[in-house]
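Below are the chains, spelled out letter by letter.
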Amino acid sequence: MIKELYFQLKNFIFPHHYFVFHEGALYFHGSKIGQKMANLKARPQVTFSVAKEYAIVPSYILDPKLACPATAYFKSVVIKGYGESVDDLQQKAEALGAFMRKLQPEGGYDPIDAADPAYVPQLRGTSVVRIRVERITGKYKFGQNLKEPKLSQVMDGLEQRGGELDAETIALMKAYCPHHQEK
């Protein structure tokens, strides 16, 4: 589950909930009018950020008294690039088709086709924006700075808690922590 997603256009930050990475570019869709589209037209340079929080690690797992050890384990990505409006109906259909494969992989709809008269008004009325990626950076934190016994304390605490993403967090800790990679 995505906890945070923003992109920046000309000193404005806009939250956006749905995006798809398709054919080497990032796409989002929405209204054809408004501040976001006006800013994009005036200055196409954009910054896109997404983060996924896996686990909040409470301080008491490592220290029964001090608050300082409390932290969060996460993955994040920042993409810098240029946004452009996609006007070609076939390209819009392909991008929106990628959205549908992401959001509704089980199907249950007619494929989006620019030649389908039922889809043409929808395609014309929807803005699709392509962000051409210039630079991608990423960051993650899964306790890779911890050594034993603290690393095991955190994994044991997460296992005992049994939260929604705690088992996945433990697996990522084992994969990414150089002091605890399984042989």
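Per-chain numbering applies: the sequence of each chain, read as written, is numbered from 1 onward. Given that this is a predicted model, residues contribute local features only at a pLDDT of at least 70 and side-chain atom pairs are listed and counted only at 80 or more, while totals for whole chains, interfaces and linings are drawn from all residues. Excluded from the side-chain calculation are hydrogens and water; included are all heavy atoms of the structure.

## Some thoughts on the pattern of salt bridges
Then step 1. Only one rule defines a salt bridge in this text: a Lys or Arg side-chain nitrogen within 4 Å of an Asp or Glu carboxyl oxygen. Taken as a whole, this structure holds three salt bridges when the rule is applied.
Then step 2. For glutamate 84, the salt bridge identified is with arginine 132, shortest N-O distance 2.7 Å. With glutamate 84 in strand S6 (residues 71-86) and arginine 132 in strand S7 (residues 127-141), this residue pair connects regions lying 48 residues apart in the sequence.
Then step 3. Relative accessible area decides the class of each residue, using a 1.4 Å probe on protein chains only: under 20% of the type maximum gives buried, over 50% gives exposed, and in between gives partly exposed. Look at glutamate 84 and you get partly exposed, because its relative accessible area is 26%. Elements are defined by DSSP. Helices are runs of H or I of four residues or more, strands are runs of E of two residues or more, and each kind is numbered from the N terminus.

## Quick notes on the packing of helix H4 (residues 150-161) against helix H5 (residues 166-176)
Then step 1. A fitted line through C-alpha atoms serves as each axis, taken over the contacting stretch for helices, and the angle formed by two N-to-C directions is quoted from 0 to 180°. Relative to each other, H4 and H5 sit at 160°, their axes nearing to 8 Å. Looking at the two axes, H4 sits roughly antiparallel to H5. Judged by the sense of rotation from one axis to the other, the crossing of H4 with H5 is left-handed. Residue-level contacts link Leu151, Val154, Met155, Leu158, Glu159 and Arg161 of H4 to Asp166, Thr169, Ile170, Met173 and Lys174 of H5.
Then step 2. The residue classification treats Ala, Val, Leu, Ile, Met, Phe, Trp, Tyr, Cys and Pro as nonpolar and Asp, Glu, Lys and Arg as charged. All others, Gly included, are polar. Residues belonging to the contact of H4 with H5 are distributed by class as follows: six nonpolar, one polar and four charged. Under this scheme an angle from 65 to 115 degrees is roughly perpendicular, one under 35 degrees roughly parallel, and one over 145 degrees roughly antiparallel; angles in between are oblique. Each crossing gets its hand from how the near helix is turned against the far one by less than a right angle, where anticlockwise is left-handed and clockwise is right-handed. Residue contacts are defined here by distance: any two heavy atoms, one from each residue, within 4.5 Å place the two residues in contact.

## Quick look at the packing of aromatic side chains
Then step 1. Stacked, tilted and edge-to-face pairs are distinguished by plane angle, under 30 degrees for stacked and over 60 for edge-to-face with tilted covering the rest, among Phe, Tyr and Trp rings (Trp via its six-membered ring) whose centres lie within 6.5 Å. Evaluation of the coordinates by the stated rule reveals six aromatic pairs.
Then step 2. Residues phenylalanine 142 and tyrosine 176 carry aromatic rings whose centres are separated by 5.7 Å and whose planes lie at 35° to one another, so their mutual orientation is tilted. Residue phenylalanine 142 is located in the loop between S7 and H4, and its partner tyrosine 176 is located in helix H5; the two are separated by 34 residues in the primary sequence.
Then step 3. The lysine or arginine in question, lysine 102, covers the ring of phenylalanine 19, its NZ or CZ lying 4.0 Å from the ring centre. Our definition puts a charge over a ring when NZ of Lys or CZ of Arg is within 6 Å of the ring centre and also within 35 degrees of the ring normal.

## A few points about the nonpolar core
Then step 1. What is meant by a nonpolar core is a set of buried Ala, Val, Leu, Ile, Met, Phe, Trp, Tyr and Cys residues, joined one to another through side-chain atoms within 4.5 Å. In terms of nonpolar packing, the biggest core is built from 16 residues, with Tyr73, Phe142, Leu151, Val154, Leu158 and Met173 touching the most fellow members.
Then step 2. Looking at this core, the element that brings in the most residues is H4, giving four residues.
Then step 3. The residues contacting valine 154, other than those within four sequence positions of it, are Val57, Ile61, Leu62, Tyr73, Leu146 and Met173.
Then step 4. With 13 residues, the next largest nonpolar core counts Ala95, Ala98, Tyr119 and Val128 among its residues.

## A few points about the pairing of S7
Then step 1. Two elements, strand S4 (residues 25-30) and S7, share six bridges in a ladder whose sense is antiparallel. Following the sheet pairing, alanine 25 is matched in S7 by arginine 132.
Then step 2. Paired strands are those between which DSSP finds at least two bridges. Pairing between S6 and S7: 13 bridges, direction antiparallel. Bridging from a neighbouring strand, glycine 83 pairs with isoleucine 131 of S7.

## Points about H4
Then step 1. Under the 1.5 Å per step criterion, the end-to-end length of H4 is 16 Å for 12 residues, consistent within 8% with the ideal 16 Å.
Then step 2. Three or more residues of H4 are buried, namely Leu151, Val154, Met155, Gly157 and Leu158. The buried residues of H4 all sit within an arc of 160° when viewed along its axis, so they share a single face. Facing away from the buried side of H4, by more than 90 degrees, are the exposed residues Glu159 and Gln160.
Then step 3. Buried positions along H4 lie against strand S5 (45-57), S6 and H5. By this rule, a helix spans an expected 1.5 Å times one less than how many residues it contains. Summarising the geometry, the arc corresponds to the directions from the helix axis toward the C-beta atoms.

## As for a negative patch on the surface
Then step 1. Excluding any residue in a salt bridge, patches collect residues exceeding 30% relative accessible area, merging like charges within 9 Å and nonpolar Val, Leu, Ile, Met, Phe, Trp and Tyr side chains within 5 Å. Computed with the Shrake-Rupley method and a 1.4 Å probe, the accessible areas treat only the protein chains shown as cover for residues. Under this rule, positive means Lys or Arg and negative means Asp or Glu; His and the chain ends count for nothing. Charge coordinates come from a single atom per side chain, which is NZ of Lys, CZ of Arg, CG of Asp or CD of Glu. On the surface, Glu23, Asp87, Asp88 and Glu94 cluster together to form a negatively charged patch.
Then step 2. Here aspartate 88 is to be found in the loop between S6 and helix H2 (89-103).
Then step 3. Residue classification places aspartate 88 among the partly exposed residues on the basis of a relative accessible area of 40%.

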